[in-house]
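Secondary and tertiary structure notes
One-letter residues, chain by chain:
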Amino acid sequence: MISYEPLFNTLNEKGIVISALREHGVHPTTIASINSNESIKLEKIDKICNILAVPIERVVTIILDNQR
């Protein structure tokens, strides 16, 4: 399972709301997918990492099936 909890924590630490990512070219559909905890392409995660200047572990984490 994909979790964007690290992204929300990162945004909170930086004082940014997720919708502000649209100003940097993140499509509203991508933001909606993140809000619904749905998967997005790795290229989009890379873009978010670069926008926020953080490594991938500050954006997404994978929760293994046996950890639920």
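Before reading on, note that the structure itself is shown above.
Residues numbered from 1 in each chain as written. Predicted model: local features only at pLDDT ≥ 70, side-chain atom pairs only at ≥ 80, totals over all residues. Heavy atoms only, no water.

1. Description of the environment of T30
As for its position among the elements, T30 is in helix α2 (residues 28–35). Classification of T30 by relative accessible area gives buried; the value is 6%. Discounting residues that sit within four places of it in the chain, T30 has contacts with I40 and K44. (Helix = DSSP H or I, 4+ residues; strand = E, 2+ residues; numbered from the N terminus. Buried < 20%, exposed > 50% of the residue type's maximum accessible area, 1.4 Å probe, protein only. Contact = heavy atoms within 4.5 Å.)

2. Things to note about the nonpolar core
As a rule of thumb, soluble globular proteins bury nonpolar side chains together. Core analysis: the largest hydrophobic core is formed by 16 residues, its most contacted members being L7, I18, L21, I34, I48, L52 and V59. Elements represented by at least two residues in this core include exactly α1 (5–14), α2 and α3 (42–52). Top element by residues in this core is α3. It accounts for 4 residues. Not counting the four nearest positions on each side in its chain, I18 is found in contact with L7, F8, L11, I31, I34 and N35. (Core = buried A, V, L, I, M, F, W, Y, C linked by side-chain atoms within 4.5 Å.)

3. Considering α1
Here α1 has its buried residues at P6, L7, T10 and L11. All buried residues of α1 project into a common sector of 135° when viewed along the axis, lining one side. In α1, the exposed residues that point more than 90 degrees away from the buried face are E5, N12 and E13. Where α1 is buried, its residues meet β1 (2–3), α2, α3 and β2 (61–62). Just beyond α1, the residue with positive phi is G15, at close to 70°. (Arc of directions from axis to C-beta.)

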